[in-house]
Amino acid sequence: METSGYRINGAGTAVALVNAVTSGAGSSDRGLAELLGAHRYLVPEPSAADVDRLRDWAHRLRPAFGGPGVIALLNELLADVPLQPHISDHGLGPHLHYGEPGAGLVDRVRANTAFGLALAVCEHGAERLGCCKAAGCDRVYADVQRGPRRRYCSRACQNRSSAAAFRARRAS
Ligand SMILES: [Zn+2]
Ligand SMILES: [Zn+2]
């Protein structure tokens, strides 16, 4: 259970990072550090150089959410990150780490997010990574639930879009 939690966590971290860096007004450096802490990264205290690399990485992850060539892109990212999958246990029970033992924060994030998205694509399909269809929203999502395909980043965007569609139908 911890293992699958970590798999989803990699995709979840990728979504949160891409949204924090590339959508809306973007997140502050402080906000990025808090985001990583919330996703259970150890030592979520990035230097200024780390933050720059995290922002670059978020821009490279973004095209994985929708659009052609997702698999080729993820393979490119995986080839570009130092990977050494191994079982770790630091008080959470045995679970997989994808980066090299002792890797720095940025490389851990890179390994975990690239691997997490690759697993999501293999288990659920590339079309389950997407960009929100709501007007005015450019947030991405990873739909790893069973059932009908999601088209929105959040319940709020879904509700807003259904209400707008309802009003448009009634007006016509
Ligand atoms: Zn761990
Ligand atoms: Zn949205």
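Predicted model only: the values in this text are computed from it and were never measured.

## Points about the coordination of the zinc ion (ligand 2)
- Taken together, Cys132 (SG), Cys137 (SG), Cys153 (SG) and Cys157 (SG) make up the protein donors of the zinc ion (ligand 2), found 2.3 Å from the metal.
- What the four donor atoms of the zinc ion (ligand 2) show is an angle range of 107 to 115 degrees at the metal, which sorts the shape as tetrahedral.
- For the zinc ion (ligand 2), all donor residues lie on one chain, and their spacing in sequence is C-x4-C-x15-C-x3-C.
- Cys153 gets classed as buried once you look at its relative accessible area, which sits at 14%.

## Thoughts on the UniProt feature "domain: Zinc finger CGNR" (unreviewed entry) in the chain
- Under the UniProt annotation, "domain: Zinc finger CGNR" (unreviewed entry) lies at residues 128-170.
- As annotated, residues 128-170 comprises 37% helix and 14% strand, and the C-alpha atoms at either end are separated by 31 Å.

## Things to note about the environment of Ala118
- Mapping Ala118 onto the fold places it in helix α5 (residues 105-124).
- Measuring from C-alpha to C-alpha, the distance between Ala118 and Phe166 comes to 37 Å, with 48 residues separating the pair along the chain.

## Focus on the packing of aromatic side chains
- Here the structure, examined in full by the defined rule, presents one aromatic pair.
- Ring centres 4.0 Å apart and planes at 5 degrees place the aromatic pair Tyr98 and Phe115 in the stacked group. Residue Tyr98 is found in strand β2 (residues 95-99), and its partner Phe115 is found in helix α5; the two are separated by 17 residues along the sequence.
- The exposure class of Phe115 is partly exposed, given its relative accessible area of 22%.
- Positioned above the aromatic ring of Trp57 is the side chain of Arg110, whose terminal nitrogen or guanidinium carbon lies 4.9 Å from the ring centre.

## Observations regarding the environment of Arg60
- With respect to the helices, strands and loops of the structure, Arg60 is situated in helix α3 (residues 48-61).
- Separated by 50 residues in sequence, Arg60 and Gly10 place their C-alpha atoms 15 Å apart.
- When sequence neighbours within four positions are dropped, the list of residues in contact with Arg60 reads Leu73, Leu77, Asp80 and Arg110.

## Structural notes on the nonpolar core
- Residues Leu17, Leu61, Phe65, Leu117 and Leu129 are the most contacted members of the largest nonpolar core, which totals 37 residues.
- For this core, the secondary-structure elements that each account for two or more residues are α1 (2-22), α2 (29-38), α3, α4 (70-80), α5 and β4 (140-142).
- Per-element accounting of this core gives the leading share, nine residues, to α5.
- Every residue in contact with Leu61, bar those within four places of it in the chain, is listed here: Ala14, Leu17, Val18, Leu77, Thr113 and Leu117.

## Quick word on the pairing of β2
- Note that strand β1 (residues 83-88) and β2 share four bridges and pair antiparallel. The residue of β2 that forms the bridge with Ser88 is His95.
- The antiparallel hairpin formed by β1 and β2 contains six residues in its connecting segment, where Gly91 sits at a positive phi of about 90 degrees.

What counts as what
- Residues numbered from 1 in each chain as written.
- Chains lettered and ligands numbered in written order.
- Predicted model: local features only at pLDDT ≥ 70, side-chain atom pairs only at ≥ 80, totals over all residues.
- Heavy atoms only, no water.
- Donors = N, O, S within 2.8 Å, 3.2 Å for Na, K, Ca; no water.
- Tetrahedral: all angles 85-135°; square planar, octahedral: opposite > 155°, others 65-115°.
- Buried < 20%, exposed > 50% of the residue type's maximum accessible area, 1.4 Å probe, protein only.
- UniProt positions renumbered as here; feature names shortened; annotations may be inferred.
- Helix = DSSP H or I, 4+ residues; strand = E, 2+ residues; numbered from the N terminus.
- Phe/Tyr/Trp six-rings, centres within 6.5 Å; stacked < 30°, edge-to-face > 60°.
- Lys NZ or Arg CZ within 6 Å of the ring centre and 35° of its normal.
- Contact = heavy atoms within 4.5 Å.
- Core = buried A, V, L, I, M, F, W, Y, C linked by side-chain atoms within 4.5 Å.
- Pairing = 2+ DSSP bridges.

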